Amino acid sequence: MTATSVTAAPPAPRRRLADRLPVVRQVRQSVGLQRGMLVAGLVMVGVFLVTAALAPLLAPYGFAQRRDDDGSFGTQQPPSPEHLLGTTVGGYDVLSRVIWGTQTAVLVIVLAVLLSIFIGVALGLYAGYFGGWLDRVLVVVADAIYAFPSLLLAIVMSIVISGGQSSLLGGVLAAAISIMVVFIPQYFRVIRAETVRIKSEAYVESAKVLGASNARIVFKHVLRNATRTLPLIITLNSSEAILTLAALGFLGFGIEPTAAAEWGYDLFKAQSDVTSGIWWTALFPGLAIVFTVLGITLVGESLNDLADPRLRGRRRVAQAAGQVAETSVVPGGTLTAGPGGLGGLEDGETFDEHGIEVKR
C-alpha cells in the first residue's frame, strides 16, 4: 500500500511595501491616459505642497515687504532680474506673493476639510446606526443646506466673523467655516448611507450576539468600512475650497496684504492694471489658482475612476482581449503566432483562407 504525498500549496507572496502604499497602488492600477492624468495631478499637487512647506526659503521677499536695503520696490514694475514677476500696484513682489499664497490656501483646505469631515462623519455614524427622530431631522437639515449658495454663505460668514475687516484669522475662518457648512452634508449623507448598509452585515450581527457594545461596533467595524470613499471626496472638495477662498478675495472679502498673501485678493487689486496693459500683476496669481485646482481635480477624478468597479472590469476585459489576440489565429487574417510562438514558425509556411497550412 503506497502512501500518497500531499504537497501543500505555496503561500501567496506578500506584496511589497511600495505596492501597499495608497498612491503607488493607484498608479500601478491605472493604465493609459488615466495613468498620465493621475501622475500629472500628483506632480502638480506635490509642487503645490512643497512650495507651501518651503515658502520661507523659496520666496525672495516677505509677503508684505515693499522695500529692501536698496530702497522701495516701486509700484507696477515689470519683470526684471530684481523682481522676476514684477511688482503689484501696492508695491509688493509678485513672485513672493504667489509663493506665500500657497500657505494660505493649504491652511484653508486643512481647516475646512478636516472640520467638515469630523462633524459630518460623527453625525453620519450616529444617524445611520441608531436612526430615530434625530436621523430624520438631520436628513432634512442636510437637504436644506444644499439650497444655500456656497459663495453667498461665505460672504455672510466673512461679514459676521470679521466684521468686514479681512484679517488673516477672520478671512481664513470665514472661508473655512462657509466651506465647512457646505461640505458637512456631503460627508453626512455618504457616511450615513454606508452605515445603514454595513450595520445589516453578518459580522455586525455576530458582534451584537457576542455582546459587543455599540461603541465598539461603531468604531471598530462600521467606521473602518464606511470611510473608504472619503479620499475621493476630500480631493474634489479641496479644489472647491481654493476656488471659494479666491472668490472671496476677488469680491473684496479676502485677506488684507499686510496679514497674509492670498491669490484672489491680488486679482481683485489687479483689475485696473489689466486695462492699462499691466499684465503681470493678474496673470501669475491666476495661473497659481488654475495650476493648483487643476492638479487636485486630476487626482480626484483619477481616483474616482479607479474606485469604479465597472471601469476596472472594462480594463480587465481589454487586457484579456489583448492577450488572446496575440496568440489567436483568425481565419482569413494574418497569422501572428504559431503553437510555439513566433519562433515556432518555419520559413515558407503559408495558410489558406480557412487557416489550414498549405505545404509548398
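Everything in this summary refers to the structure shown in the same document. What you are looking at is a predicted structure, and each value in this text was computed from that prediction instead of being measured. (Residues numbered from 1 in each chain as written. Predicted model: local features only at pLDDT ≥ 70, side-chain atom pairs only at ≥ 80, totals over all residues. Heavy atoms only, no water.)

1. Considering helix 11 (residues 230-250)
With 21 residues, helix 11 extends 30 Å between its outermost C-alpha atoms, agreeing within 8% with the 30 Å of an ideal straight helix rising 1.5 Å per residue. Downstream of helix 11 by a residue or two, glycine 252 has a phi angle that is positive, lying close to 95°. (Helix = DSSP H or I, 4+ residues; strand = E, 2+ residues; numbered from the N terminus. Expected span 1.5 Å × (residues − 1).)

2. Side note on the nonpolar core
Counting 57 residues, the largest nonpolar core has Tyr187, Leu230, Ile242 and Trp263 as its most contacted members. Put simply, the parts of the chain that give this core at least two residues each are helix 5 (94-130), helix 7 (150-162), helix 8 (168-198), helix 9 (202-209), helix 10 (214-226), helix 11, helix 12 (263-269) and helix 14 (280-306). Tallying contributions element by element places helix 5 first for this core, with 14 residues. Excluding residues that lie within four positions of it along the chain, isoleucine 242 makes contacts with Phe48, Ala105, Ile109, Thr292, Val293 and Ile296. (Core = buried A, V, L, I, M, F, W, Y, C linked by side-chain atoms within 4.5 Å. Buried < 20%, exposed > 50% of the residue type's maximum accessible area, 1.4 Å probe, protein only. Contact = heavy atoms within 4.5 Å.)

3. Digging into the packing of helix 3 (residues 32-53) against helix 14
Following both chains from N to C, one finds helix 3 and helix 14 inclined at 140°, their axes separated by 8 Å at the closest point. The orientation of helix 3 relative to helix 14 falls into the category oblique. For helix 3 against helix 14, the interelement crossing comes out left-handed. Contacts from Gln34, Met37, Leu38, Ala40, Gly41, Leu42, Met44, Val45, Val47 and Phe48 in helix 3 reach Phe291, Thr292, Leu294, Gly295, Ile296, Leu298, Val299, Ser302, Asp305 and Leu306 in helix 14. Residue classes in the contact of helix 3 with helix 14 are distributed as 14 nonpolar, five polar and one charged. (Axes fitted to C-alpha atoms, helices over the stretch in contact; angles between N-to-C directions. Parallel < 35°, antiparallel > 145°, perpendicular 65-115°, else oblique. Left-handed = near helix turned anticlockwise from the far one by under 90°. Nonpolar A, V, L, I, M, F, W, Y, C, P; charged D, E, K, R; others polar.)

4. Overview of the side chain of aspartate 273
One can find aspartate 273 in helix 13 (residues 271-275). Of the side chains with opposite charge, lysine 269 comes closest to the buried, unpaired aspartate 273, at an N-O distance of 10 Å. Side-chain polar atoms of aspartate 273 contact the side chain of threonine 281, separated by 3.0 Å. Excluding residues within four positions of it along the chain, aspartate 273 makes contact with Gln76, Val89, Ile278 and Thr281. (Lys, Arg positive; Asp, Glu negative; His and termini not counted. Salt bridge = Lys/Arg side-chain N within 4 Å of Asp/Glu carboxyl O. Polar contact = N/O pair within 3.5 Å; in protein donor to acceptor, adjacent residues only side chain to side chain.)

5. So, the packing of aromatic side chains
Counting across every chain of the model gives seven aromatic pairs. Ring centres of tyrosine 61 and phenylalanine 73 lie 4.6 Å apart, and the angle between their planes is 55°; on these two criteria the pair is classed as tilted. Taken together, the residues tyrosine 61 in the loop between helix 4 (55-58) and strand 1 (67-68) and phenylalanine 73 in the loop between strand 2 (71-72) and helix 5 connect sequence positions twelve residues apart. Phenylalanine 73 carries the same exposure label as tyrosine 61, and that label is buried. Consider the rings of tyrosine 129 and phenylalanine 130, whose centres lie 5.0 Å apart with planes at 80°: the pair is edge-to-face. Overall, the relative accessible area of 43% leaves phenylalanine 130 in the partly exposed class. Following the ring pairs from residue to residue traces out a cluster consisting of Tyr126, Tyr129 and Phe130. Arginine 97 extends its terminal NZ or CZ atom over the ring of tyrosine 92, reaching a point 5.4 Å from the ring centre. (Phe/Tyr/Trp six-rings, centres within 6.5 Å; stacked < 30°, edge-to-face > 60°. Lys NZ or Arg CZ within 6 Å of the ring centre and 35° of its normal.)

6. What about the pattern of salt bridges?
Counted by the stated rule, this structure contains five salt bridges. Of the charged contacts, one joins arginine 192 and aspartate 135 as a salt bridge, the two residues approaching to 2.7 Å between their closest N and O atoms. With a gap of 57 residues between them, arginine 192 in helix 8 and aspartate 135 in helix 6 (residues 133-145) connect regions that are remote in the sequence. Since its relative accessible area comes to 22%, arginine 192 is described here as partly exposed.

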